[in-house]
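A look at the structure
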Amino acid sequence: MGQLKINQNLVNAENAKELVKLCPFGAIGYDGAKLDISAACKMCKMCIRKGPAGVVEYVEEEVAAPTVDKSLWKGICVYVDHAGEQIHRVTYELIGKAKELAKVTNHPVYALIIGKDAAKSAKKLLRYGVDRIYVYEDEALEDFRIEPYTSAFYDFIEKVKPSSILVGATNLGRQLAPRVAARCRAGLTADCTVLEMKENTDLVQIRPAFGGNIMAQIVSPACRPQFCTVRYKVFPEPKPSDTESGEIVLMQLAKEALASNIEILRKVEKPKDVDISEADVIVAIGRGAKGEQIRAMAKELADLLGGVLACTRPLVEENIMDAKHQIGLSGRTVKPKFILCLGISGAVQFAAGMKSSDCIVAVNTDKNAPIFDVAHYGIVGDLCEILPMLLNQVKEAQSDVQ
Amino acid sequence: MNILVCIKQVPGSSNVEVDPVTGVLKRDGVASKMNPYDLYSIEMAMSLTEKYGGTVETITMGPPQAKSVIVESICMGAKKGTVLSDRKFAGADVLATAYTISQGIRKVGKFDLILCGKQTTDGDTAQVGAEVAEYLGIPHVANVLSVEEVKDGKAYVTVSLDDMVVTESVQLPCLLCAENDINSPRLPSYKVQKTVTDDLVRFISFAEFEDQDANHYGLNGSATQVERIFPPEKNTEKHSITGDSAAQAQGIFDLLASRKLI
């Protein structure tokens, strides 16, 4: 750990200008005599790597760097996301990934389940090859309330000391993971799209960053446990095995740890909406799909193919489409068999939400659009011409069948 | 009822790109704006004080320029605001950011309710709110659709869970993270903007914090480290469908047909 130091004696008008321009966060200022770094600095160290040599330096601070004995932390744990007895499928996806990661370090794989009838639900996990399933079961844990759930989770961490913890990025997981991570003073990386394991048990977490077309590789080298959240449909779901294996461990929690300042008064099931993340076929439209007519055709095509219409963030921001139909980091992650992207440039935030789709076809007028980097089939062409023709062909083919 | 809203200044555009040759981040101007998700929590705070009395304050962490989002919030009706700004806060991850904000909140005062937006458009993590609540030792609820009522020291809120809408009561003080698109945020008043004076925006630096251990802030206080940044991987299995529009439409049709989707 350290900080940036400016060697003012090496600063001249020319290299100062270069540095001011280089900083991606506008944190470097020059008043004609002195170069200054403001609080906008994100410590990306671009000024050192790419700037004039020696002007900005990284100075290690003489502080007792936090250290951790990594050998005391063992195992990869998956938090079991569930509503009553219904286990969220992201849980199985994460167990599959955890088993893959555990092979590198020869660690056990754990599952943690918290709830009212948690032991019953735990049995469903026995076919997924988890070594141990830790269960916190109590009446007070019937509904998700942040304090008792955090207490149970934290109790598990203190007793079992897992090295890595994988949590599904559901509405529930997104509240619970940060709360527990903060209590552990541990690192947490949201919405990872790639996970890898180093031999020294550091979890390599990769996610899109800085809101743009950049991927960041993130580690927590001096902290245990390591927390990450992963969205549904990012990793493949493993097949259950024919035989059961693993041990169910019932855990005890002191009554006072179950206290809460939150009281659940009423629960209403949400009406079953179109869930784009479950669709096999998606027609997705972006800003390039201009005009109501084009969008209506896209919808018709989606309907004919038995799929759904989805969109990018700008269309939601402009109130053209509902947020439920949005693909991307701030929307849904999808993994259909076929996705047709119409007039979508393909920002990394969008791509992160759909790039594991089986077959990606993109139509865009700009041959340099980043969507062509993720598409399996790229079509540089005019949507206004291609879409009506395609729609007609599909209609004809379907009427032939009838 | 006194409400504090946590807000953030974000880049005006999300089009940050990496030059594939030099690895340098390409800056797309320096225009910035208020995180759009925060507008809903400010609106929620304003309508609550209109109903129950009290005042709204805002707080942000960032460079000195972040003052402009505080001014914008004052133009929307907040009474005053605070910018937590210090080079020691630079390079903070979720953990260090949340800790810094919680220290700042302790410095600013006591509040019945602390509101956050769902997430920011630049970080997109949706985690800072929950961690701030943990460091303040108060309950929090995320995905809040509305605050129905505040009565007897409790807030009655409706919450969007994955497949349920839940009504619950939460003891004050508490922290709520508002959902997206739950109200129509008021526009900032330009009349007010003309009257905003410097004393309405307070700057707090590390020196004023209660916890003076520099290892809890910024890069030093961050548990996570960015090992490297790189442009997203490109798909290696790539085909292009060329020809005139009719040929291209035929190409898509054939793909659908070969996958038995038609």
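See the structure printed just above.
Notes on the structure in this doc start here. None of these values were measured; they are calculated from a predicted model.

1. A word on the overall build of chain A
- Summing up its helical and strand segments, chain A has 11 helices and 22 strands in all.
- Each principal axis of the C-alpha distribution contributes one length, and for chain A these read about 70 × 65 × 45 Å.
- Put simply, chain A has 402 residues, and 58% of those count as buried.
- Intrachain contacts of chain A at a sequence separation of at least 6 include 64% that bridge at least 24 residues.
- Counting every atom, chain A has about 17,100 Å² of accessible surface; 48% of that belongs to carbon and sulfur.

2. Points about helix 2 (residues 67-75) of chain B
- Of the positions making up helix 2 of chain B, those classed as buried are Val69, Ile70, Val71, Ser73, Ile74 and Cys75 of chain B.
- Once helix 2 of chain B finishes, glycine 77 of chain B follows within two positions and takes phi at roughly 130 degrees, a positive value.

3. Some words on the sheet that holds strand 13 (residues 201-204) of chain B
- Spatial strand order, 17(A)-11(B)-10(B)-9(B)-12(B)-8(B)-1(B)-6(B)-7(B)-13(B): 10 strands in an open sheet with mixed pairing. Because the sheet does not close on itself, it has two edges, and the strands there are strand 17 (262-269) of chain A together with strand 13 of chain B. If you compare each strand with its neighbour and ignore which way they point, the axes differ by 30 degrees on average.
- Bridging between strand 9 (residues 140-151) of chain B and strand 10 (residues 154-160) of chain B involves 6 bridges; their strand directions are antiparallel. When the bridges of strand 10 of chain B are listed, valine 150 of chain B appears paired with alanine 155 of chain B.

4. Section: the interface of chain A and chain B
- Of the residues lining the interface, 102 residues belong to chain A; the matching set on chain B comes to 89 residues.
- Both faces considered, chain A and chain B share a buried interface measuring about 8,600 Å² in area, 56% of it formed by carbon and sulfur atoms.
- Along the contact surface separating chain A from chain B lie 4 salt bridges.
- Note that arginine 183 of chain A is salt-bridged to glutamate 134 of chain B, the shortest N-O span being 2.6 Å.

5. Some words on a negative patch on the surface
Residues and elements named next belong to chain A.
- On the surface, Asp117, Glu137, Glu139 and Glu142 cluster together into a patch of negative charge.
- Mapped onto the elements, aspartate 117 comes out in the loop between strand 8 (109-115) and helix 4 (118-123).
- Its relative accessible area of 40% is what places aspartate 117 among the partly exposed residues.

6. A word on the nonpolar core
All names here are of chain A.
- Within the largest apolar cluster, 69 residues are counted, with the highest numbers of intra-cluster contacts made by Phe153, Phe156 and Phe227.
- Ranked by the residues each element gives to this core, the list is headed by helix 5 (residues 146-160), at 7 residues.
- The contacts of phenylalanine 153, once residues within four sequence positions are left out, are Tyr79, Leu112, Ile114, Ile165, Val167, Leu176, Val180 and Phe227.
- Grouped together as the second largest cluster of nonpolar side chains are 37 residues, Leu315, Val361, Val363 and Ile386 included.

7. A word on the packing of aromatic side chains
- Across all of its chains, the model carries 12 aromatic pairs over all chains by this definition.
- Between phenylalanine 144 of chain A and tyrosine 149 of chain A, the aromatic rings sit 5.1 Å apart at their centres with planes inclined by 80 degrees, giving edge-to-face as the arrangement. Each member of the pair phenylalanine 144 of chain A and tyrosine 149 of chain A is classed as buried.
- Judged by centre distance (5.7 Å) and plane angle (50 degrees), the ring pair of tyrosine 99 of chain B and tyrosine 217 of chain B falls under tilted. On the criterion of sequence distance, the pair formed by tyrosine 99 of chain B in helix 3 (residues 94-108) and tyrosine 217 of chain B in the loop between strand 13 and strand 14 (225-230) is long-range, its members being 118 residues apart.
- Judged by its relative accessible area of 9%, tyrosine 99 of chain B falls in the buried class.

Reading the values: the criteria
In this numbering scheme, every chain counts its residues from 1 along its sequence in written order. Each chain gets a letter, beginning with A, and each ligand a number, beginning with 1, in the order they are written. The predicted nature of this model means local features are confined to residues of pLDDT at least 70 and side-chain atom pairs, given and counted, to a pLDDT of 80 or more, with totals for whole chains, interfaces and linings taken over all residues. Only heavy atoms go into the side-chain values, all of them from the structure, while hydrogens and water stay out. A helix here means a DSSP run of H or I that spans at least four residues, while a strand means a run of E at least two residues long, and both kinds are numbered starting from the N terminus. Each residue is assigned to one of three classes by its accessible area relative to the maximum for its type, calculated with a 1.4 Å probe on protein chains only: buried under 20%, partly exposed between the two thresholds, exposed over 50%. It only takes one pair of heavy atoms within 4.5 Å for two residues to be counted as in contact. Surface exposure here means Shrake-Rupley accessible area, sampled with a 1.4 Å probe, where a residue is shielded only by the protein chains that are shown. Strands are treated as partners if at least two bridges between them are detected by DSSP. Lines fitted to C-alpha atoms define the axes here, with helix axes fitted over just the stretch in contact, and angles between the N-to-C directions of these axes take values from 0 to 180 degrees. Once two parts are joined, some of their accessible surface, as seen by a 1.4 Å probe, is lost; buried area is that loss totalled over both. Salt bridges are defined by distance alone: a side-chain nitrogen of Lys or Arg within 4 Å of a carboxyl oxygen of Asp or Glu. Think of a patch as exposed residues, more than 30% relative accessible area, with no salt bridge, where like charges cluster within 9 Å and nonpolar side chains (Val, Leu, Ile, Met, Phe, Trp, Tyr) cluster within 5 Å. For the charge count, each Lys or Arg is scored as positive and each Asp or Glu as negative, with His and the chain ends excluded. Taken as the charge centre is NZ of Lys, CZ of Arg, CG of Asp or CD of Glu, depending on the residue. The nonpolar core is taken to be a set of buried Ala, Val, Leu, Ile, Met, Phe, Trp, Tyr and Cys residues, with the residues joined through side-chain atoms within 4.5 Å. Ring pairs shown here join Phe, Tyr and Trp side chains whose ring centres sit within 6.5 Å, with only the six-membered ring taken for Trp; geometry is labelled stacked below 30 degrees between planes, edge-to-face above 60, and tilted in between.

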